[in-house]
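Listed below are the residues making up each chain.
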Amino acid sequence: MRISSSVFLSIVGLMGQQALGAASDSTIKACQEISKALSSRVSFPLSLTYQNEVGEYWSTVLRDLKPACIILPESALDVSTAVKILNKYPDVKFTAKSGGHDPNIGHATVQDGVLISLSKLSGTTYDRARNVALVKPGGEWNDVITALNKEGVTVVGGRLGIVGIAGLLLQGGISFLSSQYGLAADNIVGWEIVAANGTIINVNAADQPELAVALRGSGSQFGIVTQFTARAYPIGKVWGGMRIYDGSKADAIFKALHDFVPYNTQDKKAAIIASHTFAIGGTRAFIMFYFYDGETPPTTGPFADFLKIDSIIDITETQTYPELLKSNGMGASLLNSRISFRTFTLPYIANNPAIYAEISDKMGDITKEFLSDPFKLTSQCSVDFQPLSSIVGQHSEDRGGNAMGLTGSDPDRLILEIQCSWADKRDDEIMVQFSRDLTDWIESRIPVWVGGQYGPVTDVYLPLFMNDAMSDQNVTGSYRNYAKFKALQLQADPEGVLRTRTGGFKY
Ligand SMILES: Cc1cc2nc3c(=O)[nH]c(=O)nc-3n(C[C@H](O)[C@H](O)[C@H](O)COP(=O)(O)OP(=O)(O)OC[C@H]3O[C@@H](n4cnc5c(N)ncnc54)[C@H](O)[C@@H]3O)c2cc1C
Ligand SMILES: *[C@@H]1O[C@H](CO)[C@@H](O)[C@H](O)[C@H]1NC(C)=O
Ligand SMILES: *[C@@H]1O[C@H](CO)[C@@H](O)[C@H](O)[C@H]1NC(C)=O
């Protein structure tokens, strides 16, 4: 059968419409108007650019979500143009995406809406005179740290080089350098932002200290950030990398962990992530990330105690900081799974070194039946123990403070990251529920564990860490200055453009 070219064209046209699918008329109109203004920087379903961009999410769950169009701005002005047009279409949903590592549906994704992907708005430069780095949101930490290393400096950023930039900087950011300099967000002194109304504004921490505090951990709700100004610090060769242990080393690892959390305030150059993984058949293992800001790690003390435990795999070494970040991201970059995050902030309880094993055993119980199923071969969950020693709060306070409300009088804490990964869409709900069950249980145990150590348990301030949270966790509500930030957000976004139309954690 011969198909005339006009029939062929109308079939292609139909396919195009179908791909636009459930997008509303106003969304299609908004896409077309932005496309007229930004021409090739807007892409539509069926185009290669669109398909590549939709594939660029850490969790494969998010790759199924299809925006009506994708904008790839190359300047703050492009973002401003797009947001100004979007202001004319009040029922059109849109959202910003930087690295796409947030696994929550509807944060950096927008089904049938307008996706503003900042992947082309990238690049880092060092301003030696002011000793700050100018960091654009696109790309990954590998790029930022590699660019700055040539100048002998670095910024407080991600620990695995593959992770995205802006999400980490807007939602807090725990770094290997946090015990020396605070959270990543604490070290931002300037933000170039496309505000809710589309105007480009420059927020300077010195001039607008209250807004600066809100911007350090409120996520996406104050505008689309097109450039960060970050304090720079000297960096030379570092020691670190990954070691893997079988589950039988749990006692030794948890003992060292318990000793390490308060010790980290004395030895600020040391950092760890203790990732306890639960895999098929209930197999447990530890993936430990070590970092020391120096060529050789100490030989005594809790950090050294970790290093004395026999590992199965050891790729720790003295190397440059970019080499370390690259190597840390290597394993994770191979993961091609559906993924969930959930967080919990644990108080450090000096007289109770048993809680880490208790939490692990509970996670073992919760996932046991599921992980005994041989068809779930590629599924796994992990509980990451991330020390947040009291010194971090001191650095936060010294730099003006952050939304999470860390201060110099803070106790030691641990930030838990509960991650699950799986292959089968039908397991989406159950895997997410495992993490919820674990945090519900931990919450119920806190009063028992804390005992009298901190006075009444209601006085223990346990703000949630946004970067590791699940979308149903009330992260902003856990901040002690929630009401103040909510008012500031209302002021910056009186029409609710960001609050009601974009993705991410809300006030
Ligand atoms: C492998 C891996 C390693 C990680 N390591 C760390 C770590 O060491 N320390 C840590 O703290 N966290 C870490 N995380 C968590 C990480 O910080 C979050 O997933 C973070 O959201 C990733 O940033 P992103 O740019 O990829 O965010 P995205 O997924 O692109 O966006 C996250 C949120 O921010 C919004 N957003 C994105 N860009 C902008 C912008 N320019 N302006 C306004 N809003 C914006 C989005 O709309 C969305 O709501 C890690 C995650 C992964 C997957
Ligand atoms: C989140 O917590 C705040 C403060 O407790 C509360 O006012 C708000 O209603 C909560 N939000 C949700 C969605 O539960
Ligand atoms: C747009 O929003 C910014 C930031 O909130 C504000 O300073 C500016 O006055 C607003 N512009 C208009 C025209 O409303």
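Keep in mind that what you see is a predicted model, and the values were worked out from it rather than measured.

## A few points about the overall build of the protein
Piece 1. A tally of regular secondary structure across the protein gives 16 helices and 19 strands.
Piece 2. Its C-alpha radius of gyration of 23 Å places the protein within 12% of the 23 Å reference for a compact globule of 507 residues.
Piece 3. Each principal axis of the C-alpha distribution contributes one length, and for the protein these read about 75 × 60 × 45 Å.
Piece 4. Among the 507 residues that make up the protein, the fraction classed as buried is 57%.
Piece 5. Partitioning the contacts of the protein with sequence separation of at least 6, the portion at a separation of at least 24 is 75%.
Piece 6. As displayed, the protein has an accessible area near 20400 Å², and 54% of this comes from carbon and sulfur atoms.

## A word on empty space enclosed by the protein
Piece 1. Counting across every chain of the model gives 3 cavities of 30 Å³ or more.
Piece 2. If you trace the largest cavity, you find 15 residues lining it, with I174, S175, N264, A271 and P387 closest to the centre.
Piece 3. When residues of the lining of the largest cavity are traced back to their parent elements, those giving at least two are α7 (178–181), β13 (270–278) and β18 (380–388).
Piece 4. Of the domains in this structure, domain 2 (124–234 + 483–501) and domain 3 (238–477) are the two that each give at least three residues to the lining of the largest cavity.
Piece 5. The space that makes up the second largest cavity amounts to roughly 50 Å³.

## Observations concerning the site of ligand 2
Piece 1. Neighbouring ligand 2 are the residues N474, G477 and Y482.
Piece 2. Separating an oxygen atom of ligand 2 from a side-chain N or O atom of N474 is a distance of 2.4 Å.
Piece 3. When ligand 2 sits alone it has 360 Å² of accessible area, and the protein chains cover 32% of it.

## Overview of the site of ligand 1
Piece 1. Every one of the 35 residues lining ligand 1 counts as a neighbour, but A96, S98, G100, R159 and I174 are closest to it.
Piece 2. Separating an oxygen atom of ligand 1 from a backbone N or O atom of G100 is a distance of 2.8 Å.
Piece 3. In this structure, G167 approaches ligand 1 through a main-chain N or O atom, which is 3.0 Å from an oxygen atom.
Piece 4. Burial of ligand 1 by the protein amounts to 97% of the accessible area it has alone, namely 960 Å².

## Notes on the pattern of salt bridges
Any two side chains of opposite charge can pair, on the condition that their charged atoms come close.
Piece 1. If you walk through the whole model with that rule in mind, you get 19 salt bridges.
Piece 2. Where K88 meets E33, a salt bridge forms, and the shortest distance between an N and an O atom there is 2.5 Å. Linking K88 in the loop between α4 (76–86) and β3 (94–97) with E33 in helix α2 (residues 25–38), this pair joins segments that are 55 residues apart in sequence.
Piece 3. Judged by relative accessible area, K88 falls into the exposed class, the value being 53%.

## Side note on the sheet that holds strand β2 (residues 69–71)
Piece 1. In spatial order, the strands read β1-β2-β4-β3; together these 4 strands make up an open sheet with mixed pairing. Edge positions in the sheet fall to β1 (42–43) and β3, since each has one partner strand and no second.
Piece 2. Against the sheet, helix α3 (residues 48–55) touches β1, β2, β3 and β4 (114–117), its axis set at about 85° to β2.

## A look at the packing of helix α9 (residues 250–263) against helix α12 (residues 355–371)
Piece 1. Contact geometry for α9 and α12: axes closest at 9 Å, N-to-C directions at 130°. One element, α9, and the other, α12, form an angle in the oblique class. Touching F254, L257 and H258 of α9 are Y356, A357 and S360, all from α12.
Piece 2. Among the residues making up the contact of α9 with α12, the classes are represented as 4 nonpolar, 2 polar and no charged.

## Regarding the packing of helix α5 (residues 141–149) against helix α11 (residues 321–333)
Piece 1. Between α5 and α11, the least distance of the axes is 9 Å, while the angle of their chain directions is 165°. Overall, the two elements α5 and α11 adopt an arrangement that is roughly antiparallel. The element α5 and its partner α11 pack so that their crossing is left-handed. Contact residues: α5 offers N142, I145, T146 and N149, while α11 offers Y321, P322, L325 and K326.
Piece 2. Looking at side-chain class alone, the contact of α5 with α11 contains 4 nonpolar, 3 polar and 1 charged residues.

## Observations concerning the domain arrangement of the protein
In many analyses, interface size is given as the accessible surface area lost on bringing the parts together.
Piece 1. Entries for the protein in the domain assignment read domain 1 (5–117), domain 2 (124–234 + 483–501) and domain 3 (238–477).
Piece 2. Put simply, the middle of domain 2 and the middle of domain 3, counted by C-alpha atoms, are 24 Å apart.
Piece 3. Each partner contributes residues to the interface: domain 2 has 36 residues there, and domain 3 has 35 residues.
Piece 4. Roughly 3100 Å² is buried in total at the junction of domain 2 and domain 3, and carbon and sulfur atoms are behind 59% of that figure.

## Description of the packing of aromatic side chains
Piece 1. Evaluated as defined, the whole model comprises 19 aromatic pairs.
Piece 2. Measuring from centroid to centroid gives 5.7 Å for W441 and W449, while their planes differ by 80°, and the two rings are edge-to-face.
Piece 3. By relative accessible area, W449 is classed as buried at 4%.
Piece 4. The structure contains a cluster of three or more aromatic residues connected by ring pairs, namely W239, F260, Y263, Y290, Y292, F303 and F306.
Piece 5. Above the plane of the ring of Y57 lies K97, whose end atom (NZ or CZ) is 4.3 Å from the centre.
Piece 6. In this structure, R480 packs its charged tip against the face of Y461, placed 3.9 Å from the ring centre.

## A few points about helix α15 (residues 482–492)
Piece 1. Along α15, the residues classified as buried are F485, L488 and Q489. Mapping the buried residues of α15 onto a view down its axis gives an arc of 100°, with all of them on the same face. Pointing more than 90 degrees away from the buried face of α15 are the exposed residues A483 and Q491.
Piece 2. Where α15 is buried, its residues meet α8 (209–215) and α16 (497–501).

## Some details on unusual backbone geometry
Comment: phi is negative for the bulk of residues other than glycine, and the bulk of peptide bonds are trans.
Piece 1. Phi is positive for D112, close to 60°, though the residue is something other than glycine.
Piece 2. With respect to the secondary-structure elements, D112 resides in the loop between β3 and β4.
Piece 3. The phi torsion at N131 lies on the positive side, around 50°, for a residue other than glycine.
Piece 4. Assignment of secondary structure puts N131 in the loop between β5 (124–127) and β6 (132–135).
Piece 5. The class for N131 is partly exposed, based on a relative accessible area of 33%.

## Things to note about the state of the cysteines
Piece 1. A full pass over the atoms with the stated rule returns 2 disulfides.
Piece 2. Put simply, C31 and C69 are joined by a disulfide, and their sulfur atoms are 2.1 Å apart. Taking the sign of the torsion about the S-S bond as the criterion, the disulfide between C31 and C69, at about -85°, is left-handed. Of this pair, C31 sits in helix α2 while C69 sits in strand β2; the two residues are 38 residues apart in sequence, bridging distant segments of the chain.
Piece 3. The exposure class of C69 is buried, given its relative accessible area of 0%.
Piece 4. Residue pairing for C381: its cysteine sulfur links by disulfide to C420, the two sulfurs lying 2.1 Å apart.

About the criteria used
Residues numbered from 1 in each chain as written. Chains lettered and ligands numbered in written order. Predicted model: local features only at pLDDT ≥ 70, side-chain atom pairs only at ≥ 80, totals over all residues. Heavy atoms only, no water. Helix = DSSP H or I, 4+ residues; strand = E, 2+ residues; numbered from the N terminus. Rg over C-alpha atoms; globule rule 2.2 N^0.38 Å. Buried < 20%, exposed > 50% of the residue type's maximum accessible area, 1.4 Å probe, protein only. Contact = heavy atoms within 4.5 Å. Areas by Shrake-Rupley, 256 points an atom, 1.4 Å probe, with all protein chains shown as cover. 1 Å grid on protein atoms, 1.4 Å probe; cavity = no way out; pocket = protein on both sides within 12 Å on 5 of 7 lines; lining within 4 Å. Points joined across faces, edges and corners; volume = space filled by probe spheres on them. Domains from an automatic or database assignment. Near = heavy atom within 4 Å. Polar contact = N/O pair within 3.5 Å; in protein donor to acceptor, adjacent residues only side chain to side chain. Salt bridge = Lys/Arg side-chain N within 4 Å of Asp/Glu carboxyl O. Pairing = 2+ DSSP bridges. Axes fitted to C-alpha atoms, helices over the stretch in contact; angles between N-to-C directions. Parallel < 35°, antiparallel > 145°, perpendicular 65-115°, else oblique. Nonpolar A, V, L, I, M, F, W, Y, C, P; charged D, E, K, R; others polar. Left-handed = near helix turned anticlockwise from the far one by under 90°. Buried area = accessible area lost by both parts, 1.4 Å probe. Phe/Tyr/Trp six-rings, centres within 6.5 Å; stacked < 30°, edge-to-face > 60°. Lys NZ or Arg CZ within 6 Å of the ring centre and 35° of its normal. Arc of directions from axis to C-beta. Disulfide = S-S within 2.5 Å.

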